[in-house]
Amino acid sequence: MIDGQHLLLFSGSIHYPRSTPQMWPSLISKAKQGGIDVIQTYVFWNLHEPQQGQYDFSGSRDIVRFIREVQAHGLYVCLRIGPFIESEWTYGGLPFWLHDVPGIVFRSDNGPFKFHMQKWVRKVVNMMKSEKLYASQEGPIILSQIENEYQRIESAFNGKGSRYVQWAAGLAVGLQTGVPWIMCSQQDAPDPVINTCNGFECGVKFEGPNSPNKPSLWTENWTSFVQRYGEEPFIRSAADIAFHVALFVAKNGTYVNYYMYHGGTNFGRTAAANVITSYYDQAPLDEYGLIRQPLWGHLKELHAAIKLCKVPLLAGSYETSSLGHLQIAYVFKGKSGKCAAFLVNNDNTSNARVRFQNISFELPSMSISILPDCKNVAFNTAKVSTQYNTRSRTVKYKFDSMERWEEFNEPIPIFSNTLLKANALLDHMSTTKDTSDYLWYTVSFQHESDAEAELSVVSNAHVVHAFVNGAYKGYAHGGKHNFALENPIELKNGTNHITLLSVMVGFPNSGAYLERKTAGIRSVRIQNRYLNNYQWGYQTVFDAPGGNDPLALNLGSMGKGEVWVNGKSIGRYWVSIHTPQQRPSQTWYNIPRSFLKPEENQLVLVEEEYGDPLGITLDSVSITKDAKY
């Protein structure tokens, strides 16, 4: 209820740092055209306070500018403060400096954590209040979220988990924003905080509000799913998404948020462990902000059909009736005589012919027909009339000239010139403190003769590279668990230098006791019993292509590393690791046009493997224009 009016709201997640300020107006406008009423976003604590007490709200971090842009388009905002957000964002959005606070236990009834969490949440709320952005101040923010999917780990903290939930709810309500607070996936959210649902099928699995005076809210309807390196993209059909939205509304749901409506790009080192740089590219608006059909258009038609029913939906009586073994009618009747119905066929193999109010209806398998007047079908979730479109790329620039590239080699460190020495293998995360993906480990020792040996390294980071006396000896990679690099090496008579490069591809972002998680090299063993040159980086310059189409860097010829354009990281790449279908999880990497100058743009790549920069191209991205919007 807003300004005394009951509302049925469709929401879309658009995260401000996963795009650019120049993209925000177009993204929000396309969402509004698609029937979206609310824009939902997290607040990214580690982006805004990377060092304790040092805040940054500039550029793509300008959350106030983003919210004002939403307001300018006449839409509402759901602000998910967290401050733990998960979101496939490194360290779940928590700044790594929290890890070094003495005695801290994240997300528990723990004094140090509650002190810093309260300080940050208060700062965000006070910022919103000072800018008059809450609906109680005639601003666009109608909902705020505290914590995130906590019930999944609550039992790990025993009684301290439930006490923390009570404390977090009390903190939020006590800030007196004048708008409701929510906790997603928290069935026991304390009054007056609203419990909400996340998932693919909340119309099926949601237990409902835990109090009769709370609305039924779906905060994350997953339009796709997070993709990690080595995995295929998850494709969810427009018909399936529409079915579950209609079912949720038929069961008295009044707010549905698409996660994501626009996924965007994990620029820089912001992606969580092994998450690809492209984020939720299968959403209604793709990574570049282009409309993806038929999903965008089918959902637009769904929203329009449901809103034709809003009078009896929001103010009428409610009843259900059986239409068959797997068929059911949800009927809403208003006081003025208006009637709306949702006819559901739950049979996933066969169509069904049913009679409803003495009228015969054909229901396709696994579909819902929406009848705004209880007589005529305005929309069926399985009947996709929107034409498909296709995304294509056109090469605009080839980086195939050896003369245009400059190559750099990273010096391989040895023990005598290291800055930090220890008697044990140090934890990668605690040592780098999220300032770098890379940590060198090196040891020097004496050997009495030339010999062949076996090098065995065990790590629980993501990648390890090995060097012996400055020569590259290969690498290995793994996932969540320990993995091993085992290579033959050659030792010489005298001093030998073993140097290992540990690599993280993002920090973990979920689970209980996140502050206890470690990574890095765990053991090194050398047993007695071909040399390659190692390139580290490349640099070149290029002019920006004309036009307004989005641009992407084709890195299909490269291995693994990170890319910068004019000093701005467009993210990590890992082309050499393949999916089960033997292709890279991601080949093209988004370069926002706002990152570019007309001429002399600097392109820098850090390449860990044996990539060929001469195969790189800069492509424009477009979609077919024959799609029906």
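The protein is annotated in an unreviewed UniProt entry as beta-galactosidase of Gossypium barbadense. According to UniProt, the comment filed for the protein under the heading Sequence similarities (unreviewed entry) is "Belongs to the glycosyl hydrolase 35 family." As stated in UniProt under Catalytic activity (unreviewed entry), the record for the protein gives "Hydrolysis of terminal non-reducing beta-D-galactose residues in beta-D-galactosides."

Q: Please provide a residue-by-residue account of the nonpolar core, values included.
A: Within the largest apolar cluster, 111 residues are counted, with the highest numbers of intra-cluster contacts made by L79, M128, L302, I306 and F342. Counting residues per element, this core draws most heavily on helix α7 (residues 238-250), at 10 residues. Here this core spans two domains, and each of domain 1 (9-292) and domain 2 (428-530) adds at least three residues to it. Once residues within four sequence positions are removed from consideration, M128 is found in contact with I63, V64, I67, L79, L133, Y134, Q137 and I141. Among the nonpolar cores identified, the runner-up in size contains 34 residues, and Y229, I276, F399 and L553 belong to it.

Q: Give me the state of the cysteines: which residues, what numbers.
A: By definition, a disulfide links the sulfur atoms of two cysteine residues through a covalent bond. Considering all chains together, one arrives at two disulfides under this definition. The disulfide partner of C197 is C202, and the gap between their sulfur atoms is 2.0 Å. Since a negative S-S torsion denotes a left-handed disulfide, the C197-C202 link at about -85° is left-handed. The class of C202 is buried, set by a relative accessible area of 3%. The residue that forms a disulfide with C339 is C374, at a sulfur-sulfur distance of 1.8 Å. Looking down the S-S bond of the C339 and C374 bridge, the torsion is -70°, so its handedness is left-handed. Remark: C374 occurs in the loop between β14 (367-371) and β15 (379-380) and C339 occurs in strand β11 (residues 339-345); sequence separation between them is 35 residues. Here the protein pairs its bonded cysteines, counted in sequence order, in the arrangement 1-2, 3-4. Here C184 stays free of any disulfide, with the sulfur of C78 as its closest cysteine sulfur at 9.3 Å. By relative accessible area, which is 1% here, C184 ends up buried. Here C309 is not cross-linked by a disulfide; its sulfur's nearest cysteine counterpart is in C374, at 8.4 Å. Taking the relative accessible area as the measure of exposure, C309 reaches 0% and is therefore buried.

Q: Report on a nonpolar patch on the surface, specifying residues and quantitative values.
A: There is a patch of nonpolar side chains on the surface, built from L419, L420 and L426 and spanning about 350 Å² of accessible area. Examined against the element boundaries, L426 turns out to sit in the loop between β17 (406-408) and α10 (428-432). Its relative accessible area of 31% is what places L426 among the partly exposed residues.

Thresholds applied
- Residue indices follow the written sequence of each chain, beginning from 1 at its first position.
- Per-residue local features of the predicted model are confined to residues with pLDDT of at least 70, and side-chain atom pairs are confined, for both listing and counting, to 80 or more; whole-chain, interface and lining totals are unaffected and use all residues.
- To obtain the side-chain values, all non-hydrogen atoms of the structure were included, while hydrogens and water were left out.
- UniProt positions are given in the numbering used here, feature names are shortened, and annotations may be inferred rather than shown by experiment.
- Side-chain atoms within 4.5 Å link the members of a nonpolar core, which is a set of buried Ala, Val, Leu, Ile, Met, Phe, Trp, Tyr and Cys residues.
- Partly exposed residues are those whose accessible area sits between 20% and 50% of the maximum for their type, while under 20% is buried and over 50% is exposed, using a 1.4 Å probe and protein chains only.
- By definition, any uninterrupted DSSP run of H or I lasting at least four residues is a helix, any uninterrupted run of E lasting at least two residues is a strand, and each is numbered from the N terminus.
- Domain boundaries shown here were taken from an automatic or database domain assignment.
- In what follows, a contact means two residues having at least one pair of non-hydrogen atoms within 4.5 Å.
- Only a pair of cysteine sulfur atoms within 2.5 Å counts as a disulfide in this structure description.
- Residues enter patches when their relative accessible area tops 30% and they take part in no salt bridge; the joining distance is 9 Å for like charges and 5 Å for the nonpolar side chains Val, Leu, Ile, Met, Phe, Trp and Tyr.
- To be clear on the numbers: accessible area is Shrake-Rupley with a 1.4 Å probe, and residue cover counts the displayed protein chains and nothing else.
- One speaks of a salt bridge when a side-chain nitrogen belonging to Lys or Arg is within 4 Å of a carboxyl oxygen belonging to Asp or Glu.

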